[in-house]
Amino acid sequence: YYCETIDKQSYQGYNYFHQGVNAGIRGEFSLNKFWSLLASYYFDRYVKDYKYVDYDLPDKRKYENNNHNAKALLKFNKSYDRIEHSLQVGACAEYEYLLSDQFEFDLKPLIEAELNRLGITTSDYYYEIEGTPFKTHRQTTVNSFVSDVLNFKATNWSMALGLGVTSHSKYDTQLSPNVGVKKVMEEKGNKTTFSLTYGKGVRNPNLKERYMDYDVGGLGMFRIIGNSELTVEKSDNFSLSVNHDLLSKERFKGFFMVNGFYHNKRNCIEGQFNVRKDTMKYINVGEVQLYGFDASAKFIFIDKWTIDLNYTFLKDSYSNVTFTTNRPHSGTAKFSYNSRVCDRYEFFVSLNGTIKGKNESESVVYDSNSGEMTVDKTETYPAYSVWKLHSNHIIGKKRQIELSFGLDNILNYKPDRYDLVSCQSDGISVYGGVKFTF
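Description of the structure in this document. (Residues numbered from 1 in each chain as written. Predicted model: local features only at pLDDT ≥ 70, side-chain atom pairs only at ≥ 80, totals over all residues. Heavy atoms only, no water.)

**A look at the pairing of strand S3 (residues 35-52)**
Stage number 1. With 17 bridges connecting them, strand S2 (residues 14-30) and S3 associate as antiparallel partners. By the bridge assignment, Ile25 is partnered in S3 with Tyr41.
Stage number 2. The turn joining S2 and S3, which pair antiparallel and follow one another in sequence, is formed by four residues.
Stage number 3. Two elements, S3 and strand S4 (residues 60-79), share 16 bridges in a ladder whose sense is antiparallel. Note that in S4 the partner of Asp44 across the bridge is Asn67. (Pairing = 2+ DSSP bridges. Helix = DSSP H or I, 4+ residues; strand = E, 2+ residues; numbered from the N terminus.)

**Examining the environment of Asn227**
Stage number 1. Along the polypeptide, Asn227 turns up in the loop between strand S11 (223-225) and strand S12 (233-248).
Stage number 2. With relative accessibility at 14%, the residue Asn227 sits in the buried group.
Stage number 3. Asn227 sits 55 residues away from Tyr282 along the chain, and the two C-alpha atoms are 5.9 Å apart.
Stage number 4. Setting aside its immediate chain neighbours within four residues, Asn227 contacts Glu209, Arg210, Tyr211, Lys281, Tyr282 and Ile283. (Buried < 20%, exposed > 50% of the residue type's maximum accessible area, 1.4 Å probe, protein only. Contact = heavy atoms within 4.5 Å.)

**Re the packing of aromatic side chains**
Stage number 1. Across all of its chains, the model carries 16 aromatic pairs by this definition.
Stage number 2. Judged by centre distance (5.3 Å) and plane angle (45°), the ring pair of Phe252 and Phe301 falls under tilted. Here Phe252, found in strand S13 (residues 252-266), pairs with Phe301, found in strand S16 (residues 287-301); they are 49 residues apart in sequence, far enough to count as distant.
Stage number 3. We classify Phe252 as partly exposed; its relative accessible area is 22%.
Stage number 4. For Phe301, a relative accessible area of 32% corresponds to the partly exposed category.
Stage number 5. Considering the side-chain rings of Trp305 and Tyr337, the 4.5 Å spacing of their centres and the 50° angle between planes classify their relative orientation as tilted. With Trp305 in strand S17 (residues 305-318) and Tyr337 in strand S19 (residues 329-342), the pair connects residues that are 32 residues apart, well separated along the chain.
Stage number 6. Site record: aromatic cluster; members linked through ring pairs are Phe252, Phe256, Phe299 and Phe301. (Phe/Tyr/Trp six-rings, centres within 6.5 Å; stacked < 30°, edge-to-face > 60°.)

Structure, rendered in structure tokens:
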């Protein structure tokens, strides 16, 4: 539990009062050698009030958030001659109560609070928090699941089956099945793993997406509006991955991974600006597709040299146009060397690079009158690369002294313009530090 009061500024007539409390309990129980139970409960509450000191006004609650979370997980594990069986059954119930100054505004509670202060009672005083002009909302969610993992020992095959059930106080019950298979092959110390998974995803709109009504900054720049008519976001998710570990007696190691994925979202929940750019509203934008693959390789030579390479191809679209500012091509590279010269000195040096490909993105706007989205303008984000040289030196038999220094953005890259998706560096920088342990 904690509470604090922040004294007013000279131009304010109130103090900020913050109060928070959280508590939890967790238990693990071994029912027998095969069955075990994990249960927990957690509660969290935070409030923020205006306490008027220069005016004869009631306290005004600006924010309150209450969360109750209860979980239970039942596990079963047993190994047979040819199969290893792992079963899990779980459930999580969550209740959330939220009062926020970013919700709808209503003067009625303030008027009724002032009438009550003057001794005038009202019969329809329906707000729980006296003196707040902000509305409250609440929701209850229950998520439950059952999953079963089967490992077939003789063939190195394994299978995972699962089913999730989501129940929400506003939305209908949703099912989310998933299935996965894995095959492991080993030969002469080298191992290759193939994995294929499918899962159905479900996401209910949160309270802010449904009920927000917020003037950003309080300056009339633009408003963020919720949408109580939002529907549940659903998705189908596929992934296929291959991992290969190459081990050599000559102190060489190689690790390779390729993972392909495809996600199809329906009734995707996104915030979209209107044509005038003065209001952003949460809407269901229809179908969004996301697909691509990740590839990575890691090489280790005589436990001193290490090379890490990663590449990602990512594409997302809405109605055959780019929906976000994700760059289709990106990658990272790291070259490092470490050596222990003697008992009193060892060092590490690395060269790290981040590569971002070009992206041409079409931004869209939402027409509240027609309910349609149209292309507003096209943005071009050029490709760029940023590299960092870093070294670390440890000195002393007991490793008392550690020196770190390097160069960041050694190619001195500067973007033509700075925005949310551009490189944020303003050029090359030098850094260093010393750590002494005694």
